[in-house]
Amino acid sequence: MRGQDRINTWLPDELLMEIFRRLDSKASRDACSLVCKRWLNFERLSRTTIRIGATGTPERLVGIISRRFVNVNTVHIDERLPLPAHPGRRHVVESRRSSMKLRYAKEKGGGSEDGDSETSCVSDAGLTVIGEGFSKLEKLSLIWVSNVSSVGLTSLAQKCRSLKSLDLQGCYVGDPGLAAVGQYCKQLEDLNLRFCEGLSDTGVIELALGSGKSLRTLGVAACAKVTDTSLEAVGMHCKSLETLSLDSEYMSDKGLLAVAKGCPLLRVLKIQCINVTDESLATVGTSCLSLEVLALYSLQRFTDKGLHAIGNGCKKLKNLTLSDCYFLSDKGLEAIATGCKELTHLEVNGCHNVGTLGLESIGKYCRQLTELALLFCQKIGNNALVEIGRGCNLLQALHLVDCSGIGDEGICGIARGCRKLKKLHIRRCYEIGNKGIAAIGEYCNSLTDLSLRFCDRVGDEALVAVGQGCSLHHLNVSGCHQIGDAGIVAIARGCPQLLSLDVSVLQNLGDMAMAELGEGCPLLKEVLLSHCRQITDVGIGHLVKNCSLLESCHMVYCPGITAAGVATVVSSCSIIKKVLVEKWKVSQRTKRRAGNVIAYLCMEL
């Protein structure tokens, strides 16, 4: 077909446009747009989402983008994105520090201070540009965009009446802006108000009155002036609410009771409110029968009585998180197990009175369980995991952190019973050793993600079994001091699909393992070698020789790796994006070669 353009000749615009819509990555779309002007136009017409930082000259950038990409309906602006590398960097950082003062002045109607007329962050003028430029806007995300106020939000709401999703996390907008959203955006479904310190009950009530009928998802956190009064308005006007996330010390049973009684379609409920008691959970259990996800964080006045109500009423519950609920015991978890048999995800974190008996009940009754996380649970022992292994053969992910009562016996029970296990993450469980992990390698052949951080009893024998039985994509054995070359060599020979590897703080790991990894794992994208004292420039050279896809390499505090080794990584890996190393190991030539394309981090000793 050389010299002929049959694609453009034969395919109509409609078909080419559909092809562009199905391209699954920005890189693919960008590459296609370079073929010819016709394809460039198709790429512009098919682009529906843009994501930009809130620093630099964002308002001018938004204006340009709106003219080029006319079908954009989703805009993400995030002030946390990295600052551009330019001489004005310090000015940008300092302008952020003074942003609270500017926001307050705008909310009060005052002008900006002298010398601050040129902002490097999105402001009210930027929101006006967004409203005028993106007439089809349906989803807007403004994450920690510090210089916008009610004035800009009102202007945008007036112009973008088809808005369905609005994320204002960390924005200092006031009640008039939120009221305007309620007045003009009658199709609004998703609203995030986390860390919106300028809001009070007045704004939330006006929002509920205006957009309550369409609202499906609401998140509120750290808003000191938003109280139970707002939740009462939500319960009264937001009858279709399905997801509610609350994190506040200013809300109590009064507000949550109103939501539970007024929003019967509630499916997801996440609460971190220290004043909420069993009374609220009892009402949720009797009124919110469609509840599927429940997350309870740091509820100091919540007991087994609340979980009994959930178990008795919420038969569709699939996902349960219990974090730092100190007054829960095995009886509460038993009520969940016997009542919520469709449970698929369970996390128990820091609930010190939950022990082996409660988890045994989960194993006996919750046969659909696919993910289990036990964090800082000192009273849970081996028998709990043995019972999980017997009853939950669909388990695919297990997370264990600081569970001193769990050892090889429990892990062997999981290995024999949960042969569909794909992810196993263990951290600081000092009773788990080679026997348990070797059993995982023998029976769990679907395992692709293994993390064993600071498990002192795990050594080479365990990794040899894993290398023989599993084809890992991700491995983290940082801090497992008994692991040396033999274990990593077994992984290199048995896991050719390995993508990421963390072997930090392995004092016995040397160049032999690096050579085997370079030979056997050509798909590696991320390697963390920090604090590995035996690895030298020779090992690094062997590692990067065949790992052409390497994007990230951490080599901090590796005395055997010199400036020559760092230069080898930079010069051999054409798509490297991040190298973490002491500053003094980077030569001027390496700095010039790295340029601005690499996200390069330096650390002083």
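Residues numbered from 1 in each chain as written. Predicted model: local features only at pLDDT ≥ 70, side-chain atom pairs only at ≥ 80, totals over all residues. Heavy atoms only, no water.

Moving on: the packing of aromatic side chains. According to the stated counting rule, one finds three aromatic pairs in the structure shown. Between Phe20 and Trp39 the ring centres are 6.0 Å apart and the planes differ by 85°, which places this aromatic pair in the edge-to-face class. Here Phe20 is found in helix H2 (residues 13-21), whereas its partner Trp39 is found in helix H4 (residues 37-46), with 19 residues between them in sequence. For Phe20, a relative accessible area of 3% corresponds to the buried category. With a relative accessible area of 14%, Trp39 lands in the buried category. Between Phe20 and Phe42 the ring centres are 6.1 Å apart and the planes differ by 45°, which places this aromatic pair in the tilted class. With a gap of 22 residues between them, Phe20 in helix H2 and Phe42 in helix H4 connect regions that are remote in the sequence. Take Phe42: its relative accessible area is 5%, and that puts it in the buried class. Every member of this aromatic cluster is reached through a ring pair, and the members are Phe20, Trp39 and Phe42. Taking NZ or CZ as reference, Arg47 lies 5.1 Å from the ring centre of Phe69, over its face. (Phe/Tyr/Trp six-rings, centres within 6.5 Å; stacked < 30°, edge-to-face > 60°. Helix = DSSP H or I, 4+ residues; strand = E, 2+ residues; numbered from the N terminus. Buried < 20%, exposed > 50% of the residue type's maximum accessible area, 1.4 Å probe, protein only. Lys NZ or Arg CZ within 6 Å of the ring centre and 35° of its normal.)

Even without a glycine there, the phi angle at Val505 is positive, about 65°. Here Val505 lies in the loop between strand S17 (500-502) and helix H23 (511-520). The backbone of His531 shows a phi angle near 65°, a positive value even though the residue is not glycine.

Moving on, we come to the packing of H23 against helix H24 (residues 537-546). Contact geometry of H23 with H24 gives a least axis separation of 7 Å together with a crossing angle of 10°. For the element pair H23 / H24, the angle class is roughly parallel. On H24, the residues touching Asp511, Met514, Ala515, Leu517, Gly518 and Glu519 of H23 are Val538, Gly539, His542, Leu543 and Asn546. Split by residue class, the contact of H23 with H24 holds five nonpolar, four polar and two charged. (Axes fitted to C-alpha atoms, helices over the stretch in contact; angles between N-to-C directions. Parallel < 35°, antiparallel > 145°, perpendicular 65-115°, else oblique. Contact = heavy atoms within 4.5 Å. Nonpolar A, V, L, I, M, F, W, Y, C, P; charged D, E, K, R; others polar.)

Quick look at the packing of helix H12 (residues 228-237) against helix H13 (residues 253-262) now. Direction vectors running N to C along H12 and H13 enclose 5°, while the axes themselves pass 8 Å from each other. Relative to H13, H12 is oriented roughly parallel. Contacts between H12 and H13 involve Asp228, Leu231, Glu232, Val234 and Gly235 on the former and, on the latter, Lys254, Gly255, Leu256, Ala258, Val259 and Gly262.

Overall, the prediction assigns the protein a mean pLDDT of 89, with 90% of residues at 70 or greater. Here residues 83-119 is modelled with pLDDT under 50, and outside its nearest four sequence neighbours on either side it reaches 43 contacts, counting other chains as well. (pLDDT = per-residue confidence, 0-100.)

Turning next to H2. Every buried residue belonging to H2 is among Leu16, Met17 and Phe20, and all of these are buried. Taken down its axis, H2 places every buried residue within 100° of arc, on the same side. More than 90 degrees from the buried face of H2, the exposed residues found are Glu14 and Arg21. (Arc of directions from axis to C-beta.)

This brings us to the state of the cysteines. The final tally for this structure, using the stated rule, is zero disulfides. We note that Cys480 lacks a disulfide partner, and the nearest cysteine sulfur, in Cys455, lies 5.1 Å from it. Using a relative accessible area of 0% as the deciding quantity, one classes Cys480 as buried. (Disulfide = S-S within 2.5 Å.)

This next bit is on the side chain of Ser200. Here Ser200 shows up in the loop between strand S5 (190-194) and helix H11 (201-211). A polar atom in the side chain of Ser200 sits 2.5 Å from the side chain of Asp175. Residues within four places of Ser200 in sequence aside, it is in contact with Asp175, Lys225 and Val226. (Polar contact = N/O pair within 3.5 Å; in protein donor to acceptor, adjacent residues only side chain to side chain.)

Here strand S14 (residues 423-427) shows one buried face, formed by Leu424 and Ile426, and one open face, formed by Lys423, His425 and Arg427. The sheet contact formed by strand S13 (residues 397-401) and S14 spans five bridges and is parallel. Looking across to S14, one finds that Val401 is bridged to Arg427. In this structure, S14 lies alongside strand S15 (residues 449-453), joined through five bridges in parallel fashion. Each bridged residue has a counterpart across the sheet, and for His425 the counterpart in S15 is Ser451. Taken together, S14, helix H20 (residues 434-443) and S15 constitute a β-α-β crossover, and its handedness is right-handed. (Pairing = 2+ DSSP bridges. Right-handed = clockwise from strand over helix to strand, strands pointing away.)

All told, the structure shown has 14 salt bridges when counted by the stated rule. With a shortest N-O distance of 2.3 Å, Arg47 and Glu43 are connected by a salt bridge. Each member of the pair, Arg47 as well as Glu43, is classed as buried. Across the pair Glu582 and Lys585 runs a salt bridge whose closest N-O atoms are separated by 3.6 Å. (Salt bridge = Lys/Arg side-chain N within 4 Å of Asp/Glu carboxyl O.)

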